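Close look at the chain arrangement
These are the residues of each chain, in order.
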Amino acid sequence: MSRYFSSQVSQLTPYTPGEQPKDQQYVKLNANESPYPPSPGVAAALNAREAAGLRLYGDAAARELKEALARQYKVEPENVFVANGSDEALNFAFLSYATDGRGVAFADFTYSFYPVFCDLYHIPAQIVPLREDFTLVPEDYYGLNKTIVITNPNAPTGLAISRDQVEGIVKANPDSVVIIDEAYVDFGGESSVALTKQYPNLLVVQTYSKSRSMAGARLGYAIGDAALIRDLETIKFSTNPFNVNSLTMKAGIAALAEQAYYDENCKKIMETREYTARELEKLGFTVLPSKTNFLFAKKEGVDGKALCQGLKERGVLIRHFDKDRIRDYNRITIGTPEQMDIFLEKLRELL
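So, here's what we can say about the structure. If you're wondering where the values come from, they're calculated on a predicted model, not measured in any experiment.

Analysis parameters
Sequence order sets the numbering: in each chain, residues are counted from 1 along the sequence as written. For this predicted model, a pLDDT threshold of at least 70 governs which residues receive local features, and a threshold of 80 or more governs which side-chain atom pairs are given and counted, while totals over whole chains, interfaces and linings are taken from all residues. To get the side-chain values, take all heavy atoms of the structure and skip hydrogens and water. Centre distance within 6.5 Å is the pairing criterion for rings of Phe, Tyr and Trp, where only the six-membered ring of Trp is used; planes under 30 degrees apart are then read as stacked, over 60 as edge-to-face, and the remainder as tilted. Helix numbers and strand numbers start at the N terminus; a helix is a DSSP run of H or I with at least 4 residues, a strand a run of E with at least 2. Working definition: with a 1.4 Å probe on protein chains only, accessible area under 20% of the residue-type maximum means buried, over 50% means exposed, and in between means partly exposed. Charge-over-ring contacts are defined here by two conditions on Lys NZ or Arg CZ: a distance within 6 Å of the ring centre and an angle within 35 degrees of the ring normal. For this document, the term salt bridge refers to a Lys or Arg side-chain nitrogen within 4 Å of an Asp or Glu carboxyl oxygen. The pairing criterion is simple: DSSP has to find at least two bridges between the two strands. Contact between two residues is taken to exist if any of their heavy atoms lie within 4.5 Å; hydrogens are not considered. To obtain each axis, a line is fitted to C-alpha atoms, and for helices this fit is confined to the stretch in contact; angles are then taken between N-to-C directions over 0 to 180 degrees.

1. Some details on the packing of aromatic side chains
In this structure the tally under the stated criterion is 16 aromatic pairs. Ring plane angle 75° and centroid distance 6.2 Å describe the contact between Phe 109 and Phe 134, whose orientation is recorded as edge-to-face. With Phe 109 in the loop between strand S3 (104-107) and helix H5 (114-121) and Phe 134 in the loop between strand S4 (125-128) and strand S5 (147-151), this residue pair connects regions lying 25 residues apart in the sequence. Each member of the pair, Phe 109 as well as Phe 134, is classed as buried. Where Tyr 111 meets Tyr 114, the ring centres are 5.6 Å apart and the plane angle is 80°; that geometry is what we call edge-to-face. Owing to a relative accessible area of 18%, Tyr 111 belongs among the buried residues under this scheme. Ring pairing ties together the aromatic residues Phe 94, Phe 106, Tyr 111, Phe 113, Tyr 114 and Phe 117, which thus form one cluster. Here the guanidinium or amino end of Arg 212 rests over the ring plane of Tyr 208, the centre of that ring lying 5.0 Å away.

2. Side note on the pattern of salt bridges
Following the criterion strictly, the structure yields 16 salt bridges and no others. The shortest N-O distance in the salt bridge between Lys 28 and Glu 33 comes to 2.9 Å. The exposure class of Lys 28 is partly exposed, given its relative accessible area of 23%. The exposure class assigned to Glu 33 is partly exposed, which follows from its relative accessible area of 28%. Through salt bridges with shared partners, a single ionic network connects Arg 49, Glu 50 and Lys 250.

3. Re the sheet that holds strand S9 (residues 285-287)
Pairing in this open sheet of four strands is antiparallel, and the strands run S9-S10-S13-S12 from one edge to the other. The open sheet has two free edges, formed respectively by S9 and strand S12 (319-320), since each of these has just one partner strand. Bridge count between S12 and strand S13 (residues 330-333): two bridges; the pairing is antiparallel. When the sheet's bridge partners are listed, Arg 319 is paired in S13 with Arg 331. Sheet strands touched by helix H9 (residues 259-282): S9, strand S10 (294-299) and S13. Its angle to S10, the strand with the most contacts, is close to 0°.

Right under this line is the structure:
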């Protein structure tokens, strides 16, 4: 750090993204990316004519994309906020609803960007422990009088709670915003978007990065009461009005027109996930029941970090988190059946 770096942020511990090494070819199962390409319409939307239009600013209001998302989720355009990845939507939500001294509450093992936002904005955080089996107990979040953030299905555990359980949390905190981060919901979870029509304090955040194969495009969105969306728009227009570029908006609209393609990909990923879980269990692994595009697994007596490193040396990347209680677990993104067979082959070699 330079000597000019502000003391207000110099103590930040930044978020650590999944490793993106370039030193060799890897079977890459460490960043929860889709193994399948975007739909054909997305490629067609990124054409020379659209590229020529990059000389002009895009639509800061993102009208066409908002209208397309509103049709997809049966809400109104004023109920939709679009962002440079769901991380930006979450960032704006933390800034909007947790910086007034009220604070925020989230689980001890969940998306690791949440504590980064808290450090950045000096937000007091209440960490709500998951149970020993890593399940989330909704009643632990009742009446907290804090902004509540829940990844559902959760990362890195892969476990999910039901829409009814989400509704219980929302109803028990009428004076606080409840943010449900649904990055992985399309892999077997139950979305709470429909509840946003009933509860003005519910904000649901989703992304194109996982089920729609567009992690590199950086496109996310939030759905909620029109007043909540106006709050997020205030932050956006106070920081970066053109937060989503023109080509990404075109790609996002095109993807929604080919939803059946992505539904089929999700089905394939879920089938491959169940196959991989069964094979891991045959090898003596404990595998949590996942509703995501990854598995969270450990083998008794095997060091999780050493396993992760051993697989990397054999050309396979998975994700390890060096924290108490989950130190022996690894998170394994679901790739194609061929990729998972390579993973299992290298794993057997290593064991």
